[in-house]
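Residues per chain are reported as follows:
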Amino acid sequence: KDGFDVPILETAGILSSSSELKDRFSHRLMYPIYDDYGHLVGFSGRKIDEETPGGKYVNYPATQLFVKSEILYHYNIAKNTCHKDGYLYIVEGFNDVIAFQRAGIESVVGSMGTALTKENIQSLKRLNVQIRLCLDRDEPGQVAEEECLPLLSQAGLPFMVVRPFKTGKDAD
């Protein structure tokens, strides 16, 4: 309707590549994803109800602008606040980042449900602050924590593990 060709919308990740054209994020709560400089590069969508088909989250497909392994959610904001605070929390997901923000903590990034990557470590090193690893207390969170510790140590980053969730499994 607005003059965009279907192949362009598929390449951009807006439409699913399938025999029928459909919005890949239909019936989902949307999270905008920005690169380190604040440019919108993708989206992630979370199921609103259990009847919605597909996984709990649908991530934006890899594009020239969106490479999930290179992005930490909320980094574009946190990189500016962490210098004043002297630390940066790392949590797992979008809602965990939002929970920290609601508590007044802006120096937080989300790994988008994955372990840290080499690219993430390089982004963290540029900040030159203490890293506070605060992953979920469930089994996947603990496995991710075990994978993150040697990466942070090998990179020479000062870090600590934070376990604040006495009654819940995560910040959210």
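Since this is a predicted model, take the numbers as computed values, not measurements.

Colleague: Help me get a handle on the overall build of the protein, residues and values and all.
Modeller: Across its full length, the protein holds 5 helices and 7 strands. The linear arrangement of helices and strands in the protein, starting from the amino end, is α-β-β-β-α-β-α-β-α-β-α-β. Taking 16 Å as the expected radius of gyration for a compact globule of 172 residues, we find that the protein reaches 17 Å, a close match to that expectation. Principal-axis analysis of the C-alpha atoms gives the protein an extent of 50 × 35 × 30 Å. Looking at the protein as a whole, 41% of its 172 residues qualify as buried. Taken as a whole, the protein presents about 10000 Å² of accessible surface, with 52% of it coming from carbon and sulfur. For the protein, the separation between the mean place of its 19 positive charges and that of its 24 negative charges on side chains is 4 Å.

Colleague: So what's going on with the sheet that holds strand E2 (residues 40-47)? Which residues, and what values?
Modeller: Taken in spatial order, the 3 strands make up an open sheet running E1-E2-E3, and their pairing is antiparallel. Strand pairing shows two members of the sheet lacking a second neighbour, strand E1 (28-34) and strand E3 (57-59), which therefore form its edges. Put simply, the sheet's adjacent strands are angled 20 degrees from each other on average, direction ignored. Where E2 meets E3, 3 bridges bridge the pair, whose relative direction is antiparallel. Each residue of the ladder has a partner; that of Ser44, found in E3, is Asn59. Sheet contacts for helix H3 (residues 94-102): E1, E2 and E3; angle to E1, the most-contacted strand, approximately 75 degrees.

Colleague: Go over the pattern of salt bridges with me, naming the residues and quoting the values.
Modeller: Per the counting criterion, the structure on display carries 2 salt bridges. A salt bridge links Asp36 to Arg126; the nearest nitrogen and oxygen atoms lie 3.2 Å apart. Of the two residues, Asp36 sits in the loop between E1 and E2 while Arg126 sits in helix H4 (residues 118-127), which places them 90 residues apart along the sequence. When its relative accessible area of 13% is taken as the criterion, Asp36 is described as buried. Close ionic contact of Asp85 with Lys84 constitutes a salt bridge, the shortest N to O distance being 3.4 Å. Looking at Asp85, the relative accessible area reads 28%, which means it is partly exposed.

Colleague: Before we move on, can you summarise the packing of aromatic side chains with the specific residues and values?
Modeller: Scanning the entire structure with this criterion turns up 10 aromatic pairs. Centre to centre, the rings of Tyr87 and Tyr89 are 5.4 Å apart; their planes meet at 75 degrees, and the pair counts as edge-to-face. Comparing Tyr87 with Tyr89 shows no difference in burial state: the two are buried. Stacked on the ring of Tyr87, the Lys or Arg Arg132 has its end atom at 4.0 Å from the ring centre.

Procedures and definitions
- Residues numbered from 1 in each chain as written.
- Predicted model: local features only at pLDDT ≥ 70, side-chain atom pairs only at ≥ 80, totals over all residues.
- Heavy atoms only, no water.
- Helix = DSSP H or I, 4+ residues; strand = E, 2+ residues; numbered from the N terminus.
- Rg over C-alpha atoms; globule rule 2.2 N^0.38 Å.
- Buried < 20%, exposed > 50% of the residue type's maximum accessible area, 1.4 Å probe, protein only.
- Areas by Shrake-Rupley, 256 points an atom, 1.4 Å probe, with all protein chains shown as cover.
- Lys, Arg positive; Asp, Glu negative; His and termini not counted.
- Charge placed at Lys NZ, Arg CZ, Asp CG, Glu CD.
- Pairing = 2+ DSSP bridges.
- Axes fitted to C-alpha atoms, helices over the stretch in contact; angles between N-to-C directions.
- Contact = heavy atoms within 4.5 Å.
- Salt bridge = Lys/Arg side-chain N within 4 Å of Asp/Glu carboxyl O.
- Phe/Tyr/Trp six-rings, centres within 6.5 Å; stacked < 30°, edge-to-face > 60°.
- Lys NZ or Arg CZ within 6 Å of the ring centre and 35° of its normal.

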